[in-house]
Amino acid sequence: MERIQLGGIDYTILIIYFAFVLGIGWALRRFVKSSDDFFLSGRSIPAWIAGLAFISANLGAQEVIGMGASGAKYGMMTSHFYWVGAIPAMVFVGIFMMPFYYGSRARSVPEYLKLRFDEKTRGFNAITFAVMTVFSSGISMYALAKLLELVLGWNFHASVVLSALIVLAYIFLGGLTSAIYNEVLQFFLIVLGFLPLVLLGLKDVGGWAGLTAKLDTVATNAGFAPGAWSDSWHHLDSATANPMGVEWFGMVMGLGFVLSFGYWCTDFLVVQRAMAANSMTAARRTPLLAALPKMLFPALVILPGMIAIALHATGGGLLPLGSDGTPNYNLAVPVMLGHYLPSGLLGLGLTALMASFMSGMAGNVTAFNTVWTYDIYQSHIKPGQTDEHYLKVGHAATVFGILASVAAAYAATRFNNIMDMLQLLFAFVNAPLFATFLLGMFWRRTTGHGAFFGLLTGTLAAALHHGLVLSQGAVAGLKGGFLGVVLHTYPSEMAQNFWTAIIAWTACFTATIAISLLTARKKSDDELRGLVYALTPRQTDHDLPWYKRPATLGVIVLGLTIVLNVIFW
Amino acid sequence: MKLDLRLPIGLMFAIFGALLTVYGVVSDRAIYVRSLGVNVNLWWGLVLLAFGLVMLGFVLRSRGQAPAGQPPPPPPARGPRPPAAS
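About the thresholds
Residues numbered from 1 in each chain as written. Chains lettered and ligands numbered in written order. Predicted model: local features only at pLDDT ≥ 70, side-chain atom pairs only at ≥ 80, totals over all residues. Heavy atoms only, no water. Helix = DSSP H or I, 4+ residues; strand = E, 2+ residues; numbered from the N terminus. Rg over C-alpha atoms; globule rule 2.2 N^0.38 Å. Buried < 20%, exposed > 50% of the residue type's maximum accessible area, 1.4 Å probe, protein only. Contact = heavy atoms within 4.5 Å. Areas by Shrake-Rupley, 256 points an atom, 1.4 Å probe, with all protein chains shown as cover. Lys, Arg positive; Asp, Glu negative; His and termini not counted. Charge placed at Lys NZ, Arg CZ, Asp CG, Glu CD. Core = buried A, V, L, I, M, F, W, Y, C linked by side-chain atoms within 4.5 Å. Phe/Tyr/Trp six-rings, centres within 6.5 Å; stacked < 30°, edge-to-face > 60°. Lys NZ or Arg CZ within 6 Å of the ring centre and 35° of its normal. Axes fitted to C-alpha atoms, helices over the stretch in contact; angles between N-to-C directions. Parallel < 35°, antiparallel > 145°, perpendicular 65-115°, else oblique. Buried area = accessible area lost by both parts, 1.4 Å probe. Salt bridge = Lys/Arg side-chain N within 4 Å of Asp/Glu carboxyl O. Polar contact = N/O pair within 3.5 Å; in protein donor to acceptor, adjacent residues only side chain to side chain. Nonpolar A, V, L, I, M, F, W, Y, C, P; charged D, E, K, R; others polar. Expected span 1.5 Å × (residues − 1). Bend = angle between axes of the 7 residues up to and from the residue. pLDDT = per-residue confidence, 0-100. Patch = residues over 30% accessible without salt bridge, like charges linked within 9 Å, V, L, I, M, F, W, Y side chains within 5 Å. Disulfide = S-S within 2.5 Å.

Caption draft 1: Looking closely at the overall build of chain A. For chain A, the helix and strand inventory stands at 22 helices and two strands. Taking 2.2 N^0.38 as the reference for a compact globule, 569 residues should give roughly 25 Å; the C-alpha atoms of chain A span a radius of gyration of 23 Å, in line with that estimate. Seen through its C-alpha atoms, chain A measures out along the principal axes to roughly 70 × 55 × 55 Å. For chain A, buried positions account for 62% of its 569 residues. For chain A, restricting intrachain contacts to residue pairs at least 6 apart in sequence, the fraction spanning at least 24 positions comes to 78%. Surface exposure of chain A reaches about 20200 Å², of which carbon and sulfur atoms provide 66%. Averaging the coordinates of the 32 positive side-chain charges in chain A and doing the same for the 27 negative ones gives two points 8 Å apart.

And the structure:
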């Protein structure tokens with residue numbers, strides 16, 4: 001593809017941004033005096049900052065590039081990843097789960113599992129999570145460096161080293177606070193950097209009406225009904241009627257329930273931001289305040305992809321073609337940046353793009369060093385040391401986490417299959433996790449054995465299902481069917497993944513109940529106080545004005561989400 | 001709060017805004033063909049500048065409002081470590 005040329009002003013903007021990122025770390029370094037400061041920001045973050053960091057940490061490589069690509073490939077249906085696959089779960093975690101996470105004073109999600117169940121359940125979650133964060137951070141780094149190489153002609157190694165050093169420096173200096181502050185800075189940069197692109201793109205295609213008209217051509221060219229690229233729900237009654245190849249039940253249950261709740265409610269990467277909040281109310285409001293901008297993000301990240309495919313199909317080849325003749329969707333957003341933005345704003349847009357990758361990396365690294373130090377080192381390797389010792393270990397873990405991410409980034413360049421395989425494995429582990437949390441938090445009879453073996457059963461069920469099915473046109477192997485027999489063929493890979501998640505969740509849910517009933521309860525009601533719904537005092541928010549109460553906020557957020565779904569039905 | 005986060009946000013966007021506005025004024029009009037003839041650097045620069053200044057305004061206001069309770073940067077207030085450490 002044609003490379004984007006940067007001018008002096010663009011480099012100036014990039015350098016100023018890096019100076020601010022490092023400056024924030026430097027300014028915060030004197031506040032890090034204990035491990036609590038380093039890993040939990042001393043629980044001192046106001047709700048609005050924690051809320052913006054909550055979405056920014058999730059804004060990794062997958063979001064800006066991936067959602068833009070999906071917008072081009074699937075159109076408006078990509079919004080389900082927000083309005084079905086994120087907002088309801090964010091409201092749930094804020095209103096129902098935060099009281100246990102924050103109230104139990106657990107310092108991490110695995111530590112909650114230890115308090116609620118036992119050491120083996122914590123260990124299982126801590127180890128898989130630690131490995132997963134390192135690889136996600138490595139994939140972020142790899143994707144960023146590859147993109148900069150392709151779009152700007154930068155040296156791959158230099159990009160990896162530069163991004164690793166910057167993220168390392170600001171986390172090492174200021175710990176979680178530094179990561180959170182920078183995530184908020186990145187949030188504003190991403191919004192203000194991409195908005196002009198969206199506005200120019202919309203102006204070019206003739207507004208929403210012009211865009212839908214062009215997208216109708218895209219849809220009919222691909223053999224779907226007009227509107228398949230610009231409606232979110234209209235074509236979901238059958239999997240063959242929409243470009244995603246999913247039907248509404250698989251989408252709502254698989255994405256909207258299992259995958260979404262599994263991610264937003266149990267992934268320490270995001271939950272850590274809320275745990276750092278300065279009060280229980282602030283912790284509960286964190287995901288709710290995050291949901292407000294989150295529901296508008298489709299306009300920022302999906303729309304550029306949709307505009308790109310509309311221009312590609314009607315104006316002749318905007319997107320570069322891959323070897324198989326289909327457009328390279330992953331380049332939709334970078335191509336749009338180069339297409340519309342002149343030198344100056346181009347620097348701002350590219351800085352925003354780099355910021356999104358770095359916030360994803362930093363989120364993974366801060367989650368990794370906490371889980372490593374508290375849940376693996378302190379509980380299994382060297383318990384009973386001074387706080388100063390664990391602070392040192394946290395610093396060392398940050399360096400180690402970054403080095404391991406760099407190694408993972410290089411592993412991705414050499415063995416693409418290994419990365420795919422690991423991601424698949426993590427999917428198997430994560431899909432059932434929400435069942436464990438749901439039962440643990442709402443049913444006091446759930447036992448440690450039930451939780452642990454239920455999780456294993458769910459993971460196994462996921463692997464078994466994946467091994468016996470295939471998606472249309474895929475070759476048996478990593479994409480499924482590795483057990484030799486193909487019992488069912490799904491219309492798309494996405495449908496296959498949604499159903500793997502549904503089956504893993506159901507298996508874990510039933511197995512956990514069955515095993516819990518067969519095993520003896522080890523934790524008394526007293527030990528479970530603050531960890532289980534029935535044994536925790538209700539949060540009363542009567543002292544707060546009505547508009548500040550989490551429940552009111554939750555209702556407002558859900559109401560607005562429904563309105564958005566109806567508008568773009 | 002340890003460091004008023006609105007300060008770096010306000011500063012950074014005010015600088016970006018000023019830079020882009022000036023660049024928008026002095027740059028060659030020909031580069032705006034791709035942005036549909038709109039001088040986006042000038043206009044978006046002004047938007048960023050306004051955003052940055054509003055953020056800085058909040059910082060100034062909260063500093064004026066917190067007289068005795070929390071003096072903004074406590075110069076020699078708490079510093080258990082000798083200055084040599086930093």
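Caption draft 2: View of the overall build of chain B. Within chain B, the regular secondary structure consists of two helices and zero strands. Long-range pairs, those at least 24 residues apart, make up 62% of the contacts in chain B with a sequence separation of at least 6. Summed over all atoms, the accessible surface of chain B reaches about 5200 Å², with 69% contributed by carbon and sulfur.

Caption draft 3: Representation of the nonpolar core within the structure. Of all hydrophobic cores here, the largest spans 193 residues; its most connected members are Tyr101 and Phe194 of chain A together with Phe16 of chain B. Apart from the residues within four sequence positions on either side, Phe194 of chain A is in contact with Val64, Leu300, Val333, Leu337, Gly349, Ala352 and Leu353 of chain A. Of all hydrophobic cores here, the second largest spans 14 residues; its members include Tyr74, Met244, Leu255 and Ala495 of chain A.

Caption draft 4: Layout of the packing of aromatic side chains. All names here are of chain A. Under the criterion given, the structure shown has 36 aromatic pairs over all chains. Ring centres 5.3 Å apart and planes at 75° place the aromatic pair Phe187 and Phe188 in the edge-to-face group. Classification of Phe188 as buried rests on a relative accessible area of 13%. Pairing Phe249 with Trp499 gives two aromatic rings, centres 5.8 Å apart and planes at 35°, and the pair type is tilted. One end of the pair, Phe249, is in helix H11 (residues 248–266); the other, Trp499, is in helix H21 (residues 493–518), with 250 residues separating them in the sequence. Phe249 sits in the partly exposed class, given a relative accessible area of 35%. Take Trp499: its relative accessible area is 21%, and that puts it in the partly exposed class. An aromatic cluster is built from Phe92, Phe96, Phe100, Phe257, Phe261, Phe434, Phe442, Trp505, Phe509 and Tyr533, whose rings are joined through pairwise contacts. Here Arg105 stacks its cationic end above the ring of Tyr102, 5.6 Å away from the centre of that ring.

Caption draft 5: Local environment of the packing of helix H9 (residues 156–205) of chain A against helix H15 (residues 332–340) of chain A. All names here are of chain A. Direction vectors running N to C along H9 and H15 enclose 75°, while the axes themselves pass 10 Å from each other. Judged by the inter-axis angle, H9 sits roughly perpendicular to H15. Residues Phe194, Leu197, Leu200, Gly201 and Asp204 of H9 lie in contact with H15, whose contacting residues are Val333, Met336, Leu337 and Tyr340.

Caption draft 6: Structural view of the interface of chain B and chain A. Facing the 31 residues of chain B at the interface are 41 residues of chain A. At the boundary of chain B with chain A, total buried surface from both sides reaches about 3200 Å², with 82% on carbon and sulfur atoms. Here chain B and chain A share zero salt bridges between them. Remark: the boundary between chain B and chain A carries six residue pairs in polar contact (both at pLDDT 80 or more). Per-element tally for the side of chain B that touches chain A: the top contributor is helix H1 (residues 6–26) of chain B, with eleven residues. Classifying every residue of the side of chain B that touches chain A by side-chain character gives 23 nonpolar, three polar and five charged.

Caption draft 7: Structural view of the pattern of salt bridges. Residues and elements named next belong to chain A. Evaluated as defined, the whole model comprises eleven salt bridges over all chains. A salt bridge links Arg122 to Asp375, with the nearest nitrogen and oxygen atoms 2.5 Å apart. Of this pair, Arg122 sits in helix H8 (residues 119–152) while Asp375 sits in helix H16 (residues 345–381), and the two are 253 residues apart along the sequence. Comparing Arg122 with Asp375 shows no difference in burial state: the two are buried. The residue Arg529 makes a salt bridge to Asp526 at a minimum N-O spacing of 3.3 Å.

Caption draft 8: Region of interest: the environment of Ser41 of chain A. Residues and elements named next belong to chain A. Structurally, the position occupied by Ser41 is in the loop between helix H2 (35–40) and helix H3 (47–58). In this structure the C-alpha to C-alpha distance between Ser41 and Leu176, which are 135 residues apart in sequence, comes to 5.6 Å. For Ser41, the side chain forms a polar contact with the side chain of Thr177, separated by 3.2 Å.

Caption draft 9: A look at helix H14 (residues 297–315) of chain A. Residue and element names in this part refer to chain A. Under the 1.5 Å per step criterion, the end-to-end length of H14 is 26 Å for 19 residues, consistent within 8% with the ideal 27 Å. A maximum bend of about 35° is found in H14 at Leu303, where proline Pro304 lies one to four positions downstream. Of all 19 residues in H14, 15 are buried; the element is thus mostly enclosed.

Caption draft 10: Looking closely at the packing of H3 of chain A against H9 of chain A. Residues and elements named next belong to chain A. Packing of H3 against H9 leaves a shortest axis separation of 8 Å and a crossing angle of 75°. With respect to each other, H3 and H9 are oriented roughly perpendicular. Of the residues in H9, those in contact with Trp48, Ile49, Leu52, Ala53, Ile55, Ser56 and Ala57 of H3 are Ile180, Tyr181, Glu183, Val184, Gln186, Phe187 and Phe188.

Caption draft 11: Here's a closer look at the confidence of the model for chain B. Counting all residues, the mean pLDDT for chain B is 76, and 72% of those residues have values of 70 or more. Note that pLDDT drops below 50 for residues 67–86 of chain B; the model gives that stretch six contacts with residues more than four away or on any other chain.

Caption draft 12: How the structure looks around a nonpolar patch on the surface. All names here are of chain A. Taken together, the side chains of Phe96, Phe442 and Tyr533 make up a nonpolar region of the molecular surface, amounting to roughly 240 Å² of accessible area. Turning to its location among the elements, Phe96 is positioned in helix H6 (residues 87–103). The exposure class assigned to Phe96 is partly exposed, which follows from its relative accessible area of 34%.

Caption draft 13: Just the side chain of Thr398 of chain A, in detail. Residues and elements named next belong to chain A. Within the fold, Thr398 resides in helix H17 (residues 387–414). Judged by its relative accessible area of 0%, Thr398 is buried. Within the local environment of Thr398, its side chain forms a polar contact with the backbone oxygen of Gly394, the two atoms lying 2.8 Å apart. Beyond its immediate chain neighbours, meaning those up to four positions away, Thr398 contacts Phe38, Leu168, Ile171, Phe172, Val365 and Asn369.

Caption draft 14: Local environment of the state of the cysteines. All names here are of chain A. By the definition in use, this model includes zero disulfides over all chains. Free cysteine: Cys508, not disulfide-bonded; nearest cysteine sulfur from Cys265 at 14 Å. For Cys508, a relative accessible area of 0% gives the class buried.

Caption draft 15: Representation of the environment of Gly193 of chain A. Residue and element names in this part refer to chain A. Here Gly193 lies in helix H9. Residue class for Gly193 comes out buried when judged on its relative accessible area of 1%. It is 24 Å that separates the C-alpha atoms of Gly193 and Ser136, two residues lying 57 residues apart in sequence. Residues in contact with Gly193, not counting those within four places in the same chain, are Phe188, Leu348, Gly349 and Ala352.

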